[in-house]
Amino acid sequence: MNRINQKLQEDKKLLSIYFTAGYPSLNDTVSIIEDLEKNGVDMIEIGLPFSDPLADGPTIQASSTQALKNGMTTAKLFDQLKDIRKTVSIPLVIMGYFNPILQYGVEAFCKKCQEIGIDGFIIPDLPVNEYKDHYQDTFEKYGLVNVFLITPQTSNERIAFIDDISNGFIYMVSSASVTGSQSGFGDEQTAYFKRISDMNLKTPQIIGFGINNEETFNQATAYTKGAIIGSAFIKYITEHGIKNIGEFTSRIKPHK
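Read on for a plain summary of the structure.

Re the packing of aromatic side chains
Line of reasoning, step 1. For the coordinates displayed, the defined rule picks out 14 aromatic pairs.
Line of reasoning, step 2. Summarising the aromatic geometry, the rings of Phe98 and Tyr135 are spaced 5.0 Å apart at their centres and angled 65 degrees between planes, so their arrangement reads as edge-to-face. Of the two residues, Phe98 sits in helix α5 (residues 98–104) while Tyr135 sits in helix α7 (residues 128–141), which places them 37 residues apart along the sequence. When sorted by exposure, Phe98 lands in the same class as Tyr135, which is buried.
Line of reasoning, step 3. On the basis of an interplanar angle of 80 degrees and a centroid distance of 5.2 Å, the ring pair of Phe185 and Phe193 is categorised as edge-to-face.
Line of reasoning, step 4. A relative accessible area of 10% means that Phe185 is categorised as buried.
Line of reasoning, step 5. Among the aromatic residues, those joined into a ring-pair cluster are Phe78, Tyr104, Phe109, Phe121, Tyr131, Phe139 and Phe148.

Okay, here's the thing in structure tokens:
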């Protein structure tokens, strides 16, 4: 069973952290992953930097730009991660845009991910129909979960279609905005969380965008399996470096 599916079966709310590979420094990738696992994170999204990250707000865009300046490439990331499964056991997801995957070669990319122990992808600009028609067989051949995003504007019909072809979790975008652009959840977002919960989908949901502290983590996970933090973590390591990651994670999900 894929590590993502194993993790989703655990009887707890999951904390997933996103960071940009190659940021703050080119060779920080592995130590960030190892420290996040040591500090109780359940799943990690490794951002593959891209020059035109449409869904990302200024914080993640800036980290992506810096990572590219640092020399991060797809090949470099794979080289950094080649021994990651010797030290890390939690699910690892590559989050990025489809262009670099296409440039690398979709099947070659999937094969390499399987070899090094990547569990799945989040590709915001890969349409669900395109995935189903052209790439689903390849992704599944290499045991990779593909995670789709929904927003408050996604129709129930489309959500049902995504639920039907999903084999991991659904990434619930908390609002129709870019990452890192909000703080706290209002009545409208809570109603959206409840609406999706009431659909009783077969695929678990994890909420991203707007989670930056214990309160927003608890609000998001009241109706879902977990929450994803990206911009707040990038801001933290920008300001504090990567030596005290446990101080950040304990703010979100205090060890009980």
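Things to note about the state of the cysteines
Line of reasoning, step 1. Enumeration according to the criterion identifies zero disulfides in this entry.
Line of reasoning, step 2. Its sulfur unpaired, Cys110 is 6.6 Å from the next cysteine sulfur, which belongs to Cys113.

A few points about the pattern of salt bridges
Think of it this way: side chains of opposite charge can pair up when their charged atoms draw near.
Line of reasoning, step 1. Applying the stated criterion across every chain, the model contains 13 salt bridges.
Line of reasoning, step 2. Of the charged contacts, one joins Asp42 and Lys7 as a salt bridge, the two residues approaching to 3.9 Å between their closest N and O atoms. Of this pair, Asp42 sits in the loop between α2 (29–38) and β2 (43–47) while Lys7 sits in helix α1 (residues 3–8), placing them 35 residues apart in sequence. With respect to class, Asp42 is no different from Lys7; both count as buried.
Line of reasoning, step 3. In this structure, Glu247 engages Arg251 in a salt bridge whose closest nitrogen and oxygen atoms are separated by 3.1 Å. You can see Glu247 and its partner Arg251 sitting in helix α12 (residues 245–252), four residues apart, about one turn around the helix.
Line of reasoning, step 4. Classification of Glu247 as partly exposed rests on a relative accessible area of 39%.
Line of reasoning, step 5. Judged by its relative accessible area of 40%, Arg251 is partly exposed.
Line of reasoning, step 6. Linked through salt bridges whose partners overlap, the residues forming this network are Lys7, Glu10, Lys12 and Asp42.

Focus: helix α6 (residues 106–116)
Line of reasoning, step 1. Within the sequence span of α6, burial applies to Val106, Phe109, Cys110, Cys113 and Ile116. In an axial view of α6, the angular spread of the buried residues amounts to 135 degrees, which keeps them on one side of the axis.
Line of reasoning, step 2. Looking at the buried side of α6, the elements it contacts are α4 (74–80), β3 (92–95), α5, β4 (120–122) and α7.
Line of reasoning, step 3. Once α6 finishes, Gly117 follows within two positions and takes phi at roughly 100 degrees, a positive value.

A short note on the pairing of strand β9 (residues 226–229)
Line of reasoning, step 1. Every second residue of β9 is oriented toward a common face, with Gly226 and Ile228 on one face and Ala227 and Ile229 on the other, all of them buried.
Line of reasoning, step 2. In the sheet, strand β1 (residues 14–20) pairs with β9 via four bridges, with the strands oriented parallel. Counted as the bridge partner of Ile17 is Ile229 from β9.
Line of reasoning, step 3. A crossover connection joins strand β8 (residues 205–208) to the parallel β9 through helix α10 (residues 214–221); in handedness this β-α-β unit is right-handed.

A word on the sheet that holds β8
Line of reasoning, step 1. The nine strands are arranged β5-β4-β3-β2-β1-β9-β8-β7-β6 in an open sheet whose pairing can be described as parallel. Lying at the two open borders of the sheet, with one neighbouring strand each, are β5 (145–147) and β6 (149–150).
Line of reasoning, step 2. Looking at chain direction, β4 and β5 are connected through three bridges and run parallel. By the bridge assignment, Phe121 is partnered in β5 with Asn146.

Some remarks on unusual backbone geometry
Line of reasoning, step 1. Residue Pro24 is reached from Tyr23 by a cis peptide bond, and omega for that bond is 5 degrees.
Line of reasoning, step 2. Checked against the element boundaries, Pro24 lands in the loop between β1 and α2.
Line of reasoning, step 3. Despite not being glycine, Asn200 has its phi angle at roughly 50 degrees, a positive value.
Line of reasoning, step 4. Its location among the elements puts Asn200 in the loop between α9 (187–198) and β8.
Line of reasoning, step 5. Accessibility expressed as a relative area gives 66% for Asn200, which makes it exposed.
Line of reasoning, step 6. Even without being a glycine, Phe209 presents a positive backbone phi close to 80 degrees.
Line of reasoning, step 7. With respect to the helices, strands and loops of the structure, Phe209 is situated in the loop between β8 and α10.

Observations concerning the packing of α7 against helix α8 (residues 156–165)
Line of reasoning, step 1. Packing of α7 against α8 leaves a shortest axis separation of 11 Å and a crossing angle of 25 degrees. One finds that α7 runs roughly parallel with respect to α8. In this structure, α7 meets α8 at a crossing whose hand is left-handed. In this structure, α7 contributes Val128, Asn129, Tyr131, Lys132 and Gln136 to the contact, and α8 contributes Arg158, Phe161, Ile162 and Ile165.
Line of reasoning, step 2. Among the residues making up the contact of α7 with α8, the classes are represented as five nonpolar, two polar and two charged.

About the thresholds
- Residues numbered from 1 in each chain as written.
- Predicted model: local features only at pLDDT ≥ 70, side-chain atom pairs only at ≥ 80, totals over all residues.
- Heavy atoms only, no water.
- Phe/Tyr/Trp six-rings, centres within 6.5 Å; stacked < 30°, edge-to-face > 60°.
- Helix = DSSP H or I, 4+ residues; strand = E, 2+ residues; numbered from the N terminus.
- Buried < 20%, exposed > 50% of the residue type's maximum accessible area, 1.4 Å probe, protein only.
- Disulfide = S-S within 2.5 Å.
- Salt bridge = Lys/Arg side-chain N within 4 Å of Asp/Glu carboxyl O.
- Arc of directions from axis to C-beta.
- Contact = heavy atoms within 4.5 Å.
- Pairing = 2+ DSSP bridges.
- Right-handed = clockwise from strand over helix to strand, strands pointing away.
- Axes fitted to C-alpha atoms, helices over the stretch in contact; angles between N-to-C directions.
- Parallel < 35°, antiparallel > 145°, perpendicular 65-115°, else oblique.
- Left-handed = near helix turned anticlockwise from the far one by under 90°.
- Nonpolar A, V, L, I, M, F, W, Y, C, P; charged D, E, K, R; others polar.

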